[in-house]
Amino acid sequence: MAEATANGLGQHQLHGAHDATTAGVATAEVHQEHPIKLYLVVWAWLFILSACSYMVDYLGIHGYLRWSLILIFMMLKAGLIVAVFMHMAWERLALAYAIILPPILVLVFVAMMVLEADYTLLTRVTFFGAGP
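Predicted model, so just to flag it, every value in this text is computed and none were measured.

Caption draft 1: Geometry of the pattern of salt bridges. In the structure shown here, the tally under the stated rule is one salt bridge. Arg66 is the salt-bridge partner of Asp57, the closest N and O atoms lying 2.7 Å from each other. The exposure class of Asp57 is partly exposed, given its relative accessible area of 38%.

Caption draft 2: Fine view of the packing of helix α3 (residues 36–58) against helix α4 (residues 64–85). In contact at an axis separation of 9 Å, α3 and α4 are set at 165° when each is read in the N-to-C sense. Between α3 and α4, the angle is such that the two are roughly antiparallel. Between α3 and α4 lies a crossing whose hand is left-handed. Note on element contacts: α4 touches α3 through Arg66, Leu69, Ile70, Phe73, Leu76, Lys77, Leu80, Ile81, Val84 and Phe85, opposite Leu38, Tyr39, Val42, Trp43, Trp45, Leu46, Leu49, Ser50, Cys52, Ser53, Val56 and Asp57. Taken together, the residues that form the contact of α3 with α4 break down as 17 nonpolar, two polar and three charged.

The rules behind each value
- Residues numbered from 1 in each chain as written.
- Predicted model: local features only at pLDDT ≥ 70, side-chain atom pairs only at ≥ 80, totals over all residues.
- Heavy atoms only, no water.
- Salt bridge = Lys/Arg side-chain N within 4 Å of Asp/Glu carboxyl O.
- Buried < 20%, exposed > 50% of the residue type's maximum accessible area, 1.4 Å probe, protein only.
- Axes fitted to C-alpha atoms, helices over the stretch in contact; angles between N-to-C directions.
- Helix = DSSP H or I, 4+ residues; strand = E, 2+ residues; numbered from the N terminus.
- Parallel < 35°, antiparallel > 145°, perpendicular 65-115°, else oblique.
- Left-handed = near helix turned anticlockwise from the far one by under 90°.
- Contact = heavy atoms within 4.5 Å.
- Nonpolar A, V, L, I, M, F, W, Y, C, P; charged D, E, K, R; others polar.

What follows is the structure, given as structure tokens:
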């Protein structure tokens, strides 16, 4: 059994194959296919989000609004790709949390560091002055 799991067969597949051979029933390989319409809709949304991202540059939006919009569009595109093309929308919730939760936590910690950096700069300017 250890050789079979090392060759890529999981425990469930091994037991299913063993039960089927002992019962004399042939098993059919179960394979789920998603409709092509789903992929076309996702590609259309990716195209629309990319066009919106390029429009931010084309319209000449500057400052925090520019970077916020670009990051929002980037995260939406990444979410679509992970959910549909990497089949995370159909995975167990624990696996989805294992993939999605760490980047969210990284963003929270980066936001905390930005706030801390602003506070540190404010206290340095307050106590040491604006500089030479």
